[in-house]
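As a plain string of letters, each chain reads:
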Amino acid sequence: QVQLVESGGGLVQAGGSLRLSCAVSGSIRSIFSINTMGWYRQAPGKQREVVAAITRSGSTNYADSVKGRFTISRDNAMNTVYLQMNSLKPEDTAVYSCAAGTRSDLKSPNYWGQGTQVTVSS
């Protein structure tokens, strides 16, 4: 099994920055099976959406709404994944959840974190 623990959420003014972290723990075999990690977010009254994803090989993918503002990265062992969020907007307010999966995309994650609240004030 794999556990994902997020940190770094909080309250920030529009135009500000936050950095989310997601630490991975669990059995070595399960961790090695992970191919893609990333972040989902869900705002009140809206569907959950993929924000950004990164594969073990380093390929990245972003939602159109965050391109140019958010950057996803990972350490070499893929034990920690980061989401640097710059130029934050009030519409970025949501619960951000770390996710990990064995596929080459993040459409059906096998593992989820507990979520962290990001609130952007205008």
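What you see is a predicted model; the values in this text were computed from it and never measured. (Residues numbered from 1 in each chain as written. Predicted model: local features only at pLDDT ≥ 70, side-chain atom pairs only at ≥ 80, totals over all residues. Heavy atoms only, no water.)

Undergrad: Any chance you could explain the pairing of strand E8 (residues 80-85) here in plain terms?
TA: Within a regular strand, side chains alternate between the sheet's two faces. Bridging between strand E3 (residues 18-26) and E8 involves six bridges; their strand directions are antiparallel. Bridging from a neighbouring strand, alanine 23 pairs with threonine 80 of E8. Here strand E7 (residues 70-74) pairs with E8 via five bridges, running antiparallel. Each bridged residue has a counterpart across the sheet, and for arginine 74 the counterpart in E8 is valine 81. As consecutive antiparallel partners, E7 and E8 are separated by five residues, and within that stretch methionine 78 has a phi angle of approximately 60°, a positive value. (Pairing = 2+ DSSP bridges. Helix = DSSP H or I, 4+ residues; strand = E, 2+ residues; numbered from the N terminus.)

Undergrad: What am I meant to see in the layout of surface pockets here?
TA: A water-sized probe, rolled over the atoms, reveals where empty space remains. Within this model, the largest pocket holds a volume of roughly 200 Å³. Lining the largest pocket are 16 residues, with Val50, Ala53, Asn61, Asp105 and Leu106 sitting closest to its centre. Those elements giving two or more residues to the lining of the largest pocket turn out to be strand E5 (49-55) and strand E6 (60-62). Considering each element in turn, the lining of the largest pocket owes the most residues, six residues, to E5. Taken together, the residues of the lining of the largest pocket break down into eight nonpolar, six polar and two charged. (1 Å grid on protein atoms, 1.4 Å probe; cavity = no way out; pocket = protein on both sides within 12 Å on 5 of 7 lines; lining within 4 Å. Points joined across faces, edges and corners; volume = space filled by probe spheres on them. Nonpolar A, V, L, I, M, F, W, Y, C, P; charged D, E, K, R; others polar.)

Undergrad: Can you help me understand the sheet that holds E7 in this one?
TA: Neighbouring strands of a sheet are bound in pairs by backbone hydrogen bonds; such pairs are parallel or else antiparallel. What the four strands build is an open sheet, ordered E1-E3-E8-E7; its pairing is antiparallel. Edge positions in the sheet fall to strand E1 (2-7) and E7, since each has one partner strand and no second. Ignoring strand direction, the axes of neighbouring strands in this sheet form an average angle of 15°. The sheet contact formed by E1 and E3 spans six bridges and is antiparallel. In the strand pairing of E3, leucine 4 is matched with valine 24. (Axes fitted to C-alpha atoms, helices over the stretch in contact; angles between N-to-C directions.)

Undergrad: Looking at this model, I keep getting lost on the nonpolar core. Mind explaining?
TA: A general trend in soluble globular proteins is that nonpolar side chains are found buried together. The biggest cluster of nonpolar side chains holds 31 residues, and the ones touching the most others in it are Leu4, Met37, Trp39, Leu83, Met85 and Tyr96. Those elements that place two or more of their residues in this core are E1, E3, strand E4 (36-42), E5, E7, E8, strand E9 (94-101) and strand E11 (116-121). Not counting residues within four places of it along the chain, the set of residues in contact with tyrosine 96 comprises Glu6, Leu20, Trp39, Tyr40, Arg41, Val51, Phe70, Leu83, Met85, Gly115, Thr116 and Val118. (Core = buried A, V, L, I, M, F, W, Y, C linked by side-chain atoms within 4.5 Å. Buried < 20%, exposed > 50% of the residue type's maximum accessible area, 1.4 Å probe, protein only. Contact = heavy atoms within 4.5 Å.)

Undergrad: When you look at the packing of aromatic side chains in this model, what are you seeing that I'm missing?
TA: In this description, a pair of aromatic rings is defined by centroid distance and the angle of the planes. Across all of its chains, the model carries one aromatic pair by this definition. Between the NZ or CZ atom of arginine 19 and the centre of the ring of tyrosine 82, over which it lies, the distance is 4.0 Å. (Phe/Tyr/Trp six-rings, centres within 6.5 Å; stacked < 30°, edge-to-face > 60°. Lys NZ or Arg CZ within 6 Å of the ring centre and 35° of its normal.)

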